[in-house]
Every structure is written in C-alpha cells, then in structure tokens.
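Descriptive structure summary
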Number of protein chains: 2
Amino acid sequence: MKSTMMSAPLSISTLAEHGAAYSSDRAVVTKTETGWRTAAYADVVARARRLANALEDLGVVGDARVGTFMWNNQEHLEAYFAVPSMGAVLHTANIRLTPEQIAYTVNAAGDRVMIVDDSLAATFAPVVPLLTTVETIVVSGTIDDAVFAGASQRVVSYEDVLAAASPDREWTVVDEQDAASICFTTGTTGNPKGVAYSHRSIMLQSLATSAVDALRIGNNDTILVAVPMFHATAWCYPYSGFWAGADLVLLDRFLAPPTIVEAIETFSVTFGNGVPTVWNDVLRLLDAEPDHDLGSLQRLVIGGAAASESLFDGFADHGVDVVQGWGMTESSPLVTVGRTSRGVDAETARRQRLTQGRVISGVEIRIVDQETGEPLPRDGETIGEFELRGPWIAGGYLGVESDGPADKFHDGWLRTGDVGTLDRDGFAKLTDRSKDIIKSGGEWISSVDLENTLAGHPAIRDVTVIGVPDEKWDERPCAVVVVEDGATVGAEDLRTWLVGRVAKFWIPENWVFTTALPRTSVGKIDKKLLRGQRADGALDVMRETGR
Amino acid sequence: MKSTMMSAPLSISTLAEHGAAYSSDRAVVTKTETGWRTAAYADVVARARRLANALEDLGVVGDARVGTFMWNNQEHLEAYFAVPSMGAVLHTANIRLTPEQIAYTVNAAGDRVMIVDDSLAATFAPVVPLLTTVETIVVSGTIDDAVFAGASQRVVSYEDVLAAASPDREWTVVDEQDAASICFTTGTTGNPKGVAYSHRSIMLQSLATSAVDALRIGNNDTILVAVPMFHATAWCYPYSGFWAGADLVLLDRFLAPPTIVEAIETFSVTFGNGVPTVWNDVLRLLDAEPDHDLGSLQRLVIGGAAASESLFDGFADHGVDVVQGWGMTESSPLVTVGRTSRGVDAETARRQRLTQGRVISGVEIRIVDQETGEPLPRDGETIGEFELRGPWIAGGYLGVESDGPADKFHDGWLRTGDVGTLDRDGFAKLTDRSKDIIKSGGEWISSVDLENTLAGHPAIRDVTVIGVPDEKWDERPCAVVVVEDGATVGAEDLRTWLVGRVAKFWIPENWVFTTALPRTSVGKIDKKLLRGQRADGALDVMRETGR
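Residues numbered from 1 in each chain as written. Chains lettered and ligands numbered in written order. Predicted model: local features only at pLDDT ≥ 70, side-chain atom pairs only at ≥ 80, totals over all residues. Heavy atoms only, no water.

1. Here's the deal with the relation of the copies chain A and chain B
- Of the transformation superimposing chain A on chain B, the axial component is 0.0 Å and the angular component is 180°, with the fit at an RMSD of 0.1 Å. Classification of the inter-copy transformation places it as that of a two-fold axis. Across chain A, the smallest distance between a C-alpha and the rotation axis is recorded for A:Ala211, namely 2.6 Å.
- Of all interface residues in chain A, 100% are interface residues in chain B too; the two copies therefore contact each other through one and the same surface. (Least-squares fit on C-alpha atoms with pLDDT ≥ 70 in both. Contact = heavy atoms within 4.5 Å.)

Next comes the structure, spelled out in structure tokens:
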C-alpha cells in the first residue's frame, strides 16, 4: 500500500536554499594571506547560482562531472552547492596524491571541468598533460600564464565566468539516489577507488551526525572545518553546518596550529575536528603559549586515527570535550561517535570515550569472523571485522564490478577492513586495520592499543607499531617512535613503561627512533611504507638519524 | 549518474532493532490503576516480534491494515513496532470520535484486525456492529464477555495470542515509500480524511525533530509522551525516543495533572509535551501544591494551539523551557519549533518564542495569497496561508482524488488552512485557522492574538474568540470566557484590559461567560460548535450559567 506522502527528494539544493533563506546573514569565513574574508550565506548561495550558470555555459549539462582541486575555502563551498544542485556531479580531487594518481581519478571520474585554486596551480601543472577528459580549467584567483602555457584545455578565471553568468537559476529536481559527489579512497594498494555519494546519503549523514547523541550541530555553532573538503565531503560539515545555520570557518592553505588557535579565538569557534596529529600539535602550541583562550571551544571530534588518552586529558585541561568518531570514505564517513551512554559511572564513561564511539541512529554495524564471515557476539571482547549497512554506506565502487564473496561488498554489507570489538551498547573499539594486524604465535596483538599506550609516555611525540617477520613467532611488533624535542628515552625505558600496561607478549623487541612518521594523503600514518622500509633495511638507517 | 551507495530503506524495523540492541535496558513505563509497570526496550521489541507472528496467524499478511483503539501504553508501542515492521499498516483509530466516525475510519482503512484496550471496550462496543472489514478483535487486558457477546468477529486475548506465537521473526524488507501507519484528520467538516504515513516520512520526521535546533531528543532523555498515540503517531516521539534510547513514560488512561506531576517526579522526566490546556492545568496544580519538584523537566513542547505568555512565564518560574511547535496530521506533524535564532537580544528572543516557531531542516514553508495563490513576502507582517512541501508532508488523502487547484494539494504544496505571517529567519506566526478568520469592516482580526492577550488576564482560566455576524461590520469578534474559580470579572473589565494591548477595533462587544469550552477529539477548542451554538442562541443560555 502506497503512502499518501509527497515524493519530495532529499536534495542538496533544498539545503542550500534553506540556509540562504533562513540563515541569510550567517558567515562563511576564509583565511587569506593577510587576514580573513567573510561572506554571508545568502551571498554564497547567490554565487553558487551564478557558478551553476557559468558551468552550464562551459558545457556542463546533465550529470557531467566537475572536479575541484582546492583547499577549504568559500569558492570550494560554492562548488559544493552549485554542482550537485544543477544535477551535475562534484568530484573533489585529492591534492595530496601523486600527479599520476590525481590524473587517474580525474580521468576515471570523467571530469569535464576542473576548478583549481591558484595557490595549487603549480601542484596541478604536472597533472594537466595527463588529463583525457577535462575541457576547461577554471582558476580561482589569479591565472599564472606560465603554469598553464602548454595546456590544451581552455583556461578561464573563476571570478570572470561568475561575473558573466546570470544570477537567476532554478535548481534541477534530482532523483535522490543519483550521484551528488565523488570521492576516491586513498588506499595504499592499487589505484584509488571511487565512491559516488548520493543526495540522499549526504542529506541523511548530515541529519544523523547533527543529532544530540552525535555531533550536536546547531544554529549556535561556529564550525572550524579542519578536515579537508577534498576528502569524504569534509565529513559533511559544510552541509550539516549550513543546514543548521552555523558559522563556518575555512582555513584555505593555512591549516597549522597558530592559525587554528587564531581562528578559535577570533571567531569563537565552538566545534573543531580533524586527525589527532593536527590537534596534538595544537596542544603543544598551547603548552608553549599558555595565554591562549579556548573558552568558546566546546568539542573536538577526532577521526582518521585513534585519539590517545593524552589528547583527551590535554584538551580537558582547556575545558574542551574530545569526542572520537569513526568511519571511512565508503561510509560518508561517520558511523560511530564517542558519546557515553546514559547513567554510566565515570570509569565506564572514560572507557567508552576511549573507544571509537557508539553506532549512531540510522546505520547498522556488526562484527564478523574474518575467515568464515559469520557474525560474532557483541561482548566487547571477541575480535572480528566490522561490517556496515545503511543508507549512507557505499554498496560498490565506481565502475568496479563485484567479484564474489571475497569482495569488499557482500550480502548487502560493506566489509570495512577495520578489526576490533563491539559491545552490547554499540561501542566499537578498533584494534587494527585488517592489513596491519600483528599475529604473534597465533595470538593477536593490537597495534592501536600499543600505540595509544606508548603515546601516553611523556617523552613520545608520535609513535606507530608495525608487524615484522619473526622466525619463531611468525610476526612480532616493531615500534617506530618520534621523541619529543629535548627529551631522551631508550627502548629499555619504553619496554619498562609497557610492563603492566599491556600483555607481556605484546611488548616489542624491535624499536626504531626517527624524526617523523610518513603519512598518507589524508594524514594517516603510512604503515605500508614503513613495513617496506623495514624490509629494505631503510628503517635501520632512520634509527641513526633519530637518536 | 547513479550513486554507488546502498539502497537500504529507511524502515521502522531498523529503528526498533537498533533500540533493542543498543539500548536494551532502557525503560518503557506505563501507568496502571495501582502504580507503574516497566519493560526494557529489548523485551518490548521481543514482544513486538511475537505480536507480528500472532497477527500473521490471525490472517494479517502483505499490507493488511491493523487498527488500534488504545491509550498510550506499552502494548500500543508494541503495535507501533510490530505492524509496520511486518510490512502491514497500522491504523491508530481516534478514541474520541463518535461511534459512527470511528466505524467510518476503520472501514475506510479496511482494518482486518483491531487491537482494543480493555478499558476502552465499552467505548468500542457501539462501534462493533458498524464494522465491515474487521475479522478479529484482540483485547489487551481482560475480555469482558458481556461487551463482546453480540460481536460477529472473533475475539481473542492479546496476551494469549502472544504466548502462543513464535518468538522468532525476521522483519520484512519494505519499500520506504510504502505506508507504515494511517491517521485520520479530525476536521470538523465532512468525514475524517486519512493520511498514510510512510516508513520514510516517519523516520525523517523522527531524525529531523530530534535535532539540536528542534527537540534535542537524546539518550539522556526521559520522555513523557503526553500527546495521544492515536493521533499523528504521537508526534513520532515513540519512534524518535526509542531511536535515541530515551526512557518513555506512558500514562494510559490517566492523563491528568496529578499523574503528570507524579510521573515527572518519579521518573525524572526531562521532556514533556501536549496541548496548552493540559499544561495550564498542571500549572494550576503546582500553584495549589507548591512543594512539587519539577527539577528534572528541561523542556515542554506545546502544540495543537498557541501557548499563551502566561504558560511560558508560569513554567519559567519552575525552570522549565516552554517551546512551541506547529504542524498538523498532514505534516507528520512537526514543521516549526520555537527555538530562538542565534545571537538575538532578549526582546527578539521572547518575540520569536511566542511565534509557532522556526521552520526545521528538511521541510519547506511559504505563505501565499489565499485568493490568488501567489507567494507573499517573508516580512513578518504580510498575512497569508501557510503552504508546506517536503518528504514528511502529505501529498493527498487516502482514496481521495485531487480535484484541481482549489484542492488541499496543489503544485506539489500542501495548503495548511492556517493563516499568519512568516519572517526572514523562518519564524511562522499563526493568526488564525482560515476557517476561523474574523474579517471586520474589511480588516482582519486575529482571534489567536486576542485569545492570547485575554489569557494573560489573571481572572481568566480559558478563553476563545469566534466571529459573529454583524450588520454594520459584516463580522465582529465574540469572546467566550471561562473565569477562574473564585474570581469575578465582567466584560467591561476585560475590555479595559485589552485597551492598549490590541488595536481598538479588535476589542469585542460580544462577551459570553461559561464553565467550560467544548473541545474536539484531539483537545482543540471546537469553534465551529460555538459558532453554531451562538447562531442557535445557545451561548446566551450558557452565559447565565457562567456567571
């Protein structure tokens, strides 16, 4: 029996116009070389309408793809609204990949137009000759003729095409299951794989993550969007924030602790977010410059990697609530949020907050045996691979046919590749990426737990743990450590630190001291590279430079 | 271009299982004759699975309709989960209608099974002979053989059929646009009209109303569901509350101020809701018994009629935040919520809170000229009829074909029949129901504003204003007043009270004093009945008894 309800689709244009109409004066702030520039919501959406008309003039019709190669800024936000609302598809290219990888994603998405920040023109230049589908490059800012001299594409100015475009635009009525934007995973194996988010998945993720038990995004917030807009739609913050009428602060190419702290103090930011490294560095700055006032900042959502206890405690000293979130490109991305459950005692609350969080309303989660695929108990102890199902979870990759049960997608579930425990209240605790698992003498060692325990040592600035081959135990953990400036610590000190804090057989015999950990394009530690370096003997060289 | 996201539907079964899994110990509390009974979420859903199997045994297959004739209680909640989750359709019959109207709705919906509270058996008895589609009556509680002696239907016990049913049930995978439940409007003209909510509309309404800028429903809440579960899915509170893992308190047939206050004090209720009359009566009780402690109660959502300033101020004295909400059966029901917008001064905040609220994320609102249908400016002054569009707004009535632009539904919008202003921030202020508008000498008089202003007079307990024919001005307002016990006030006193508070030409010459105002089945003042009584001269008789 059909309902009698309207079939009105969930669409990004509705959200954009809601913000423009009812929060017209709210601010979108972008960092510049010399200060900050601010635009009102109504102006951002008015410019998005012009952008859509300009793109149409440039040949963007139907579901044509429009790529962006941009920082977090107002113009990128305009593309976030204009492209999906006109029925086209936004592809946020990852500026951290190699030129070959970038070109691969742009060609695979079939981008017809690329919008490029002028500050990224030099980075983009080596990509240009590799492009097979792009007809027009739209430069936001000043066009450097030297950079684009050899380009076969038409090169135009963002502001010029906006000025020439009509201000009037009726948005396209979309099918909510149609693609709104594309993001490529940054997997360390093989080519990047594309996920095409739908209007529906983005709107539902925005609504669900705004909930009280998730991120509490509301009209009184000022959101520092510190996660990159080129990756996983910046956790949908540009959308959920705009829907609520929150002020948005975007740092362009200036994502560094002094700018972050300046943004918080200048705009009374209430809500921050990002990977642990960024905020560990902010803590370090606050230690060095204790006069800063973070009074406005209420909460900090940490994702991409586990937040250590020292990060929780460090921000608690500044009155900031650290909340972990977990997800991935394929899950829009948020699936769990580290809110404690009702009525628990302080110790349980702390334990819950140190997990990756509790599954939020609207998505299903389970753990399964990695070999048999059988669901495992939610007892907080049994370890298995997390699987996800729901309206904002990917069911496939762009242009990739499923090839059976060993695939990433099976029986309607997404295999996440993340391994850990799930408890009866829905809290997920990650112990490892499945590919990073260390199995020693038949027993699992959690690299995440080892890393978090080591991160609590005051002399450690950064640390990761990888598995290395071992004749007797098959595999043993190897800790790769960056020591705080001015501190001195040795392997025996750290082994002593671990005694009583982790199981005895977890304690590594292999220790490497280095100056910095290699990271992927989205800021995660590149364990694959480290394992390769270790196999090549390169890590032993790094040890010398580290001490 | 299709997205690569899963097509997982929004469904009530997912919500039910989410609550049962991750908030298994949370409580559903029901008032009884002698006290309170409590069931855990996991048990409620386990019983819902049994109920679904029992209903299937009784012939409920496919999209068969199952009616309820019940108070707010645990068994009603079990039906809320079981019926839509098995792919059938719940019809919450309105226990306040006449037997003929009730039978009309049950027959029109085509209910095959009716679940009836034993405490409502006598009310239901005169309906039974009029039913044409019901095959089985399931009695929750004790079966009174005398009541059902003449019934041609099979009569069985709720607990008996549950006990006999299998506990195992896989829920049906639904199309989210399919009907989940049916509610009939309680319009005072013609037969009731059916709205069939979809899984999608209910899930989206539940998510959207839970938002920070709406009702902030979360895991830490204890919700007193004081709005009837037989009407508009009780504002989806049973669903949104369950999704969040909030405790739910249901008052069965004991909705009265002493029970409400007892519930708040016993279960530390955080969130209350209902029509103004109910909560005005609670205020009166608190005045009489000042030792009560409402410390847990954070917010009170008032809908169904405008909340007066005295209701706001009265609860502010108890530390309770009164929030207005507006909507109707056709809008699931919530569309606006009286949250103030960011950064406004105290006076603006008060003005905003006295509107019906701000349009929430996910739905569109506009006002149009009632004659031409043209959209009108959002200036907070121009008066027009509200129209709505969005995924939880009805696009038609059950079994009723649209008959053109004069219809309730046109151009994809719902005509609400409510008249008022909309401002630039999205705040809607109702001045009247279109059918209750008073037009005096070509100028509109807002009965809602007149009522609210009169309600502020300390001697007035309840008041409404209707239009009455007038030779000179076409129409003039007539105030119908219920005076507080022990107070004395006359028409001249009240006319004096209005001077300077409303426009001079608004001040009524016609005054009626009575002991109680007639109300519709959902607690709204029945102005149509009053206008009829006035025309028949019956109101003049009431005047005598009122003084």
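Now that the structure has been shown, we can carry on.
2. Overview of the interface of chain A and chain B
- The partner chain B presents 80 residues to the 80 residues of chain A that form the contact.
- Approximately 6,000 Å² of surface area, both sides summed, lies buried where chain A meets chain B, with 51% of it carried by carbon and sulfur atoms.
- A per-residue breakdown of the area chain A buries against chain B is headed by A:Met1, A:Met6 and A:Arg342, which together make up 17% of the total.
- A salt bridge links A:Asp25 to B:Arg424, with the nearest nitrogen and oxygen atoms 3.2 Å apart.
- Inspection of the region where chain A meets chain B yields 45 residue pairs in polar contact (both at pLDDT 80 or more).
- Looking at side-chain class alone, the side of chain A that touches chain B contains 35 nonpolar, 24 polar and 21 charged residues. (Buried area = accessible area lost by both parts, 1.4 Å probe. Salt bridge = Lys/Arg side-chain N within 4 Å of Asp/Glu carboxyl O. Polar contact = N/O pair within 3.5 Å; in protein donor to acceptor, adjacent residues only side chain to side chain. Nonpolar A, V, L, I, M, F, W, Y, C, P; charged D, E, K, R; others polar.)

3. Some words on unusual backbone geometry
- In this structure, A:Pro333 follows A:Ser332 across a cis peptide bond, with omega equal to 0°.
- For B:Thr233, which is not glycine, the phi dihedral falls at a positive 50°.
- Examined against the element boundaries, B:Thr233 turns out to sit in the loop between strand S10 (222–224) and helix H9 (237–244).
- A residue is classified by how much of its surface remains accessible, and B:Thr233, at 4% relative accessible area, is buried. (Helix = DSSP H or I, 4+ residues; strand = E, 2+ residues; numbered from the N terminus. Buried < 20%, exposed > 50% of the residue type's maximum accessible area, 1.4 Å probe, protein only.)

4. As for the sheet that holds strand S25 (residues 474–483) of chain B
All names here are of chain B.
- What the three strands build is an open sheet, ordered S24-S25-S26; its pairing is mixed. Pairing within the sheet leaves two strands with one partner each, and these edge strands are strand S24 (460–470) and strand S26 (510–514). Shown here is a sheet whose adjacent strand axes are inclined to one another by a mean of 25°, direction ignored. (Pairing = 2+ DSSP bridges. Axes fitted to C-alpha atoms, helices over the stretch in contact; angles between N-to-C directions.)

5. Section: the packing of aromatic side chains
Residue and element names in this part refer to chain A.
- Summed over all chains, the structure comprises 22 aromatic pairs over all chains.
- With centroids separated by 5.3 Å and ring planes inclined at 35°, the aromatic side chains of Tyr80 and Tyr239 adopt a geometry described as tilted. Here the residue Tyr80 occupies a position in helix H3 (residues 74–85), and Tyr239 occupies one in helix H9 (residues 237–244), the gap between them amounting to 159 residues. When sorted by exposure, Tyr80 lands in the same class as Tyr239, which is buried.
- Between Tyr237 and Phe271, the ring centres sit 5.2 Å apart and the planes meet at 80°, which makes this aromatic pair edge-to-face. Placement of the pair is Tyr237 in helix H9 and Phe271 in strand S12 (residues 271–274), with a sequence separation of 34 residues. (Phe/Tyr/Trp six-rings, centres within 6.5 Å; stacked < 30°, edge-to-face > 60°.)

6. Digging into the domain arrangement of chain A
All names here are of chain A.
- Taken as a whole, chain A is organised into domain 1 (39–197), domain 2 (204–388 + 417–434) and domain 3 (437–546).
- Each of domain 2 and domain 3 has a C-alpha centre, and these two points are 25 Å apart.
- The partner domain 3 presents 18 residues to the 20 residues of domain 2 that form the contact.
- Across the domain 2/domain 3 interface, buried area totals approximately 1,400 Å², and carbon plus sulfur atoms make up 51% of it.
- Three residues, Arg284, Thr431 and Asp432, lead the burial of domain 2 against domain 3; their summed loss comes to 30% of the area buried on that side.
- The interface formed by domain 2 and domain 3 includes two salt bridges.
- Taking the shortest distance from any N to any O, the salt bridge between Asp449 and Lys429 comes out at 3.4 Å.
- Counting residues per element, the ones that place at least two in the side of domain 2 that touches domain 3 are helix H11 (276–288) and strand S21 (427–433).
- Of the residues forming the side of domain 2 that touches domain 3, the biggest block, five residues, is contributed by S21.
- Of the residues assigned to the side of domain 2 that touches domain 3, the class counts are seven nonpolar, eight polar and five charged. (Domains from an automatic or database assignment.)

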